[in-house]
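Observations on the model geometry
Residue strings, one per chain:
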Amino acid sequence: MPDPSPAIEGKLRGQGVGLPDFCSLPVLFALLLVGAMTVTLMWLTPGEAARIEDYTVAMLFVAWIAALSTLALCKLRNQLERLPGLFPYAGVWVLLVVLVAVAAMIVAALDHSLGMGLTPVSAAPFVRRCTAVTALLGAGLLRYFYVVAQWQARMAAVAQAQVDALQARIRPHFLFNSMNTVAALVRVDPTAAERTVENLAELFRAALGADRAAVGTLYEELQLVDRYLAIEQLRLGTRLTIRRDIGDLPVAFPMPRLLLQPLVENAVRYGVQPSVEGGTVNISGHAHRGGVELRIDNPLHDAPVSGGHGHGLDNVRQRIAHHFGTAARVDAGPVDGRFVVSIYLPGSPRHARSGR
């Protein structure tokens, strides 16, 4: 596989690192945690009057500031991200400092008017102290968010580059086989050859990414599988039998392009083609509340077939991990004289009948 690093670095340089999702609970928790730790350390500092009342009020002040800052940044995130370069992060830092300064002035004014004695007689030192602490902690926290965002962007670019490389490696095999089938049919059965060319065109469109869409639907993927099997049926004739049990699968379930086709190709190539008698390929699936489960199985032969069920399975596993995460599952192995590949994909699309 070619080294994707130069392309990844170029892509990362060409794209800005986005701001974190300030509307999410983890960001609010991070602000609360940093603020609480700061208040605790300042309260425990030797020489300071360690009154529990002061500590409680300071914690309430930090919680209020964290909630107010998160709300303001959540509302202004889209506007800040329109700024070029690192200015979005600079804008967030300035906004945090200004918010804390204004909030500190409001708290000092309220405290003095109510005579509670929680802040110094002069409001200026209290405001300066809060602003300075926020400037330092805000810079460190934003640096952390920036590094995390860079790492996430790089991991996403690496994963996408690996998926693109895997797709590029798997395309030529079935396309060249299909073209050989067309060449054999041109003189013998022109109608079948024309139909095969149409099926091949759809496979080319999907394999070469004519529409550049990374994700299609389960129904579209099953249509591509049918087109591939139609080509193989012409090549293998009665040696190839297909059984389907996919009536309740949801048509709108999102699925990467050409995810099932390599598995069906493996089933035909290593389960049916080596046998003089041929065999049956079963394609089945059903919907779960939390996703869908698909199963493809083919006959096993006593004589080993070189290269069977390796590259296609690796491709599918990595693509599924990229698109669906760790909740997805791919199981493969012999079961009662057949090679069975079972795929579980998480998700809860609207369950409409495919009508196939």
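To keep things clear, this report deals only with the structure shown in the data block. Please read these numbers as outputs of a predicted model, since none were measured by experiment. (Residues numbered from 1 in each chain as written. Predicted model: local features only at pLDDT ≥ 70, side-chain atom pairs only at ≥ 80, totals over all residues. Heavy atoms only, no water.)

Notes on helix α4 (residues 87–114)
- For α4, built from 28 residues, the straight-helix expectation of 40 Å at 1.5 Å per residue is met to within 8% by its first-to-last C-alpha distance of 40 Å.
- Remark: G115 follows α4 within two positions and exhibits a positive phi of approximately 70°. (Helix = DSSP H or I, 4+ residues; strand = E, 2+ residues; numbered from the N terminus. Expected span 1.5 Å × (residues − 1).)

Here's the deal with unusual backbone geometry
- A positive phi angle, near 55°, is found at D336, a position not held by glycine.
- In this structure D336 comes out as exposed when scored by relative accessible area, which is 77%. (Buried < 20%, exposed > 50% of the residue type's maximum accessible area, 1.4 Å probe, protein only.)

Let's talk about the pattern of salt bridges
- A full pass over the atoms with the stated rule returns five salt bridges.
- Notably, a salt bridge pairs E81 with R77, separated by 3.5 Å at the nearest N-O pair. Placement of the pair is E81 and R77 together in helix α3 (residues 52–81), with a separation of four residues, close to one helical turn.
- Accessibility expressed as a relative area gives 33% for E81, which makes it partly exposed.
- With a shortest N-O distance of 3.6 Å, D297 and R295 are connected by a salt bridge. (Salt bridge = Lys/Arg side-chain N within 4 Å of Asp/Glu carboxyl O.)

Focus on the packing of aromatic side chains
- In this structure the tally under the stated criterion is four aromatic pairs.
- An angle of 55° between the planes, with centres 6.3 Å apart, marks the rings of F61 and W64 as tilted. Of this pair, F61 and W64 are both found in helix α3, three residues apart, which corresponds to roughly one turn of the helix.
- Taking the centre distance of 5.3 Å and the plane angle of 90° together, the rings of Y89 and Y146 count as edge-to-face. One end of the pair, Y89, is in helix α4; the other, Y146, is in helix α5 (residues 123–188), and 57 residues separate them in sequence.
- Among the residues examined, Y89 registers a relative accessible area of 8% and is labelled buried. (Phe/Tyr/Trp six-rings, centres within 6.5 Å; stacked < 30°, edge-to-face > 60°.)

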